[in-house]
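Report on the structure
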Amino acid sequence: MQQKLEQIKSEALAAIQTADTPEGIEALRVKYLGKKGEITSILKQMGGLSAEERPVIGALANEIRTALEDTLAKKDAEIEALVLQQRLIAESLDVTEPGAEIKFGRQHPMSIVLDEVKDIFIGMGFQIAEGPEVELSLYGFDRLNSPITHPSREWTDTFYITEDESVHLRSHTSPVQIRVMEAQKPPLRIISPGRAYRKDEVDASHSPMFHQIEGLVVDRGVTMGDLKGTLNLLASKLFGESTKTRFRPHHFPFTEPSCEVDVQCVVCGGTGCRTCKYEGWLELLGAGMVHPKVLSGCGIDPDVYSGFAFGAGIERMAMLRFGIDDMRLLFENDMRLLGQF
Ligand code: DAH
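Please read all numbers here as calculations on a predicted model, not as lab measurements.

1. Considerations on the sheet that holds strand E6 (residues 245-250)
Two orientations exist for strands paired in a sheet by backbone hydrogen bonds: parallel and antiparallel. Judged by pairing direction, the sheet is mixed, and its seven strands sit side by side in the order E1-E4-E5-E9-E8-E7-E6 without closing on themselves. Of all strands in the sheet, those with a lone pairing partner are strand E1 (127-128) and E6, marking the two edges. Sheet topology places E1 next to strand E4 (residues 188-197); two bridges connect them, and they run parallel. Bridge pairing links Ile128 to Ile191 in E4. Lying on the sheet, helix H5 (residues 109-123) is in contact with E1, E4, strand E5 (209-219) and strand E9 (306-313); it crosses E4 at an angle near 165°. Its contacts with the sheet put helix H10 (residues 314-322) on E4, E5, strand E7 (255-264), strand E8 (281-290) and E9, and the angle it makes with E8 is roughly 140°.

So this is what it looks like as C-alpha cells:
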C-alpha cells in the first residue's frame with residue numbers, strides 16, 4: 001500500500017506540472033483528492049491493515065495529501081497569474097499610439113464656385129431667394145411671357161408632373177423672379193441658386209439635372225449699363241481682373257432686349273483653342289432687361305420701374321473656373337478629381 005501511495009504521489013505531481021488551465025487543475029484535484037479520489041479510496045482500505053501499519057500509512061497518506069494540495073495551489077496560482085498576464089497583453093491600450101487617420105472631406109468645385117458667386121453678389125447688396133423645384137407652369141412659363149407654343153414647353157423638353165401640364169420640374173430658375181416680384185416690392189436685388197431639370201441626354205456638357213443661378217434687380221432707373229457693370233464685375237472676380245466680356249444680342253421671352261454674355265476663353269486667352277472651339281469666347285450666361293409684361297404681370301408699373309435679370313449654369317461656371325472639360329466629372333464623386341480643389 002505504501003508503494004501504491006508513492007506511485008500515486010509521483011504520478012499526481014507529474015500530472016499537476018503539465019496542467020495549464022484552471023479547469024485542468026480542478027480535474028486533478030477531484031481525481032486525486034476528491035471524495036471518490038485515489039487517495040481517499042486508499043484511506044478507505046486502511047481497515048484491513050495491522051495496528052502497526054495503520055499509523056505509518058495514515059501519516060504517509062496525509063503527508064501526500066498535503067503535498068498534493070500545496071502543489072495544486074501553487075500551480076493554480078501560477079496559471080492564474082499567466083492567464084492574467086495574457087489578458088493584460090491582449091487588452092493593453094497603447095495611449096502613445098498615433099490615432100487612425102481621419103480623411104477630411106473637401107468642398108465640391110460646384111460649391112466653391114457657388115460660394116464665390118454668392119460672396120460677389122452679397123457684396124453688391126443682393127439677397128438670396130429660394131423657389132421650389134416642382135413648379136407651376138404658371139410661374140415657370142406663363143408669367144415669364146413664354147407662349148404656349150414655346151419649344152421649351154414641349155413634353156420632349158420638360159418633365160411634366162401632371163397630365164394637364166400645369167406642374168413640372170422647373171427647367172430654369174427664372175420662375176423665382178416671379179415669386180420674388182409677387183412677394184416683395186422694389187427695390188429688389190436677389191440671386192437664386194438651385195437645381196433645374198430638362199430632358200437632355202447625358203454628355204460632356206448636358207445633364208437632365210443641373211444647377212443655375214438666377215439674378216434679378218428691379219428699381220427706378222435700372223439700365224442695361226447696370227446689367228453690364230454687374231456682370232463684368234462677376235466675370236472679373238470669378239475669372240481674373242483682366243477678363244474681357246462680350247454681350248451678344250439674343251432672344252428670351254422674359255427680357256427685352258436680351259443678350260448672351262461670353263467671356264474671353266479662360267484657356268487660350270482669346271487666341272483660339274479646342275475649349276472655345278477656336279472662337280476665343282465662351283458662353284457664360286443669358287441676360288436682359290426684364291420685359292415690361294413680366295413686370296406688370298407682377299403688379300410692378302413698368303413706367304416707374306425697370307430691371308435686369310440673368311441666369312447662369314453653375315456647372316458651366318465651375319468648368320470654366322477650374323478648366324474641367326466634362327460635366328459628368330462633376331457628378332461622379334471621384335476623389336481623384338475632387339481632391340484637386
Ligand atoms: N432662363 C434662361 C435659361 O435657362 C436663362 C436666362 C436668360 C435667365 C435671360 C434670365 C435672363 O434671367 O434674363 O436659358
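2. Points about the pairing of E9
Pairing between E5 and E9: eight bridges, direction antiparallel. When the bridges of E9 are listed, Leu216 appears paired with Ala309. Relative to E9, E8 runs antiparallel, the two being bridged by five bridges. What sits directly across from Ala287, in E9, is Phe310.

3. Here we look at the packing of helix H2 (residues 22-33) against helix H4 (residues 53-90)
In a packed pair of helices, the relevant descriptors are the angle between the two axes and the axis-to-axis distance. For the pair H2 and H4, the least separation of the axes is 10 Å and the interaxial angle reads 170°. With respect to H4, the element H2 is oriented roughly antiparallel. Contact residues: Pro22, Ile25, Leu28, Arg29, Tyr32 and Leu33 in H2; Arg65, Leu68, Glu69, Leu72, Lys75, Asp76 and Ile79 in H4. Split by residue class, the contact of H2 with H4 holds eight nonpolar, no polar and five charged.

4. Section: the site of the ligand
Not every one of the 15 residues close to the ligand is listed here, only the nearest: His172, Gln177, Arg198, Gln212 and Glu214. A distance of 2.9 Å separates a nitrogen atom of the ligand from a polar atom in the side chain of His172. Between the ligand and Glu214 there is a distance of 2.6 Å, counted from an oxygen atom to a side-chain nitrogen or oxygen. With the chains in place, 90% of the 350 Å² that the ligand exposes on its own is no longer accessible. Where the shell around the ligand is concerned, the elements lending two or more residues are E5, E8 and E9.

5. Details of the environment of Thr245
Along the chain, Thr245 turns up in strand E6. By relative accessible area, Thr245 is classed as partly exposed at 22%. Ignoring sequence-local partners within four residues, the contact set of Thr245 consists of Asn232, Ala235, Val261, Asp262, Val263 and Trp281.

6. A word on unusual backbone geometry
A cis geometry characterises the amide bond from Pro186 onward to Pro187, with omega recorded as 5°. With respect to the helices and strands, Pro187 occurs in the loop between helix H7 (175-183) and E4. Positive phi outside glycine occurs at Asn333, with the angle close to 55°. Positionally, Asn333 belongs in the loop between H10 and helix H11 (335-338). With relative accessibility at 54%, the residue Asn333 sits in the exposed group.

7. Some thoughts on the pattern of salt bridges
Within this structure, the stated rule accounts for 13 salt bridges. Residue Glu78 pairs with Lys75 through a salt bridge whose shortest N-O separation is 3.6 Å. You can see Glu78 and its partner Lys75 sitting in helix H4, three residues apart, about one turn around the helix. Classification of Lys75 as buried rests on a relative accessible area of 11%.

Criteria and thresholds
- Residues numbered from 1 in each chain as written.
- Predicted model: local features only at pLDDT ≥ 70, side-chain atom pairs only at ≥ 80, totals over all residues.
- Heavy atoms only, no water.
- Pairing = 2+ DSSP bridges.
- Helix = DSSP H or I, 4+ residues; strand = E, 2+ residues; numbered from the N terminus.
- Contact = heavy atoms within 4.5 Å.
- Axes fitted to C-alpha atoms, helices over the stretch in contact; angles between N-to-C directions.
- Parallel < 35°, antiparallel > 145°, perpendicular 65-115°, else oblique.
- Nonpolar A, V, L, I, M, F, W, Y, C, P; charged D, E, K, R; others polar.
- Near = heavy atom within 4 Å.
- Polar contact = N/O pair within 3.5 Å; in protein donor to acceptor, adjacent residues only side chain to side chain.
- Areas by Shrake-Rupley, 256 points an atom, 1.4 Å probe, with all protein chains shown as cover.
- Buried < 20%, exposed > 50% of the residue type's maximum accessible area, 1.4 Å probe, protein only.
- Salt bridge = Lys/Arg side-chain N within 4 Å of Asp/Glu carboxyl O.

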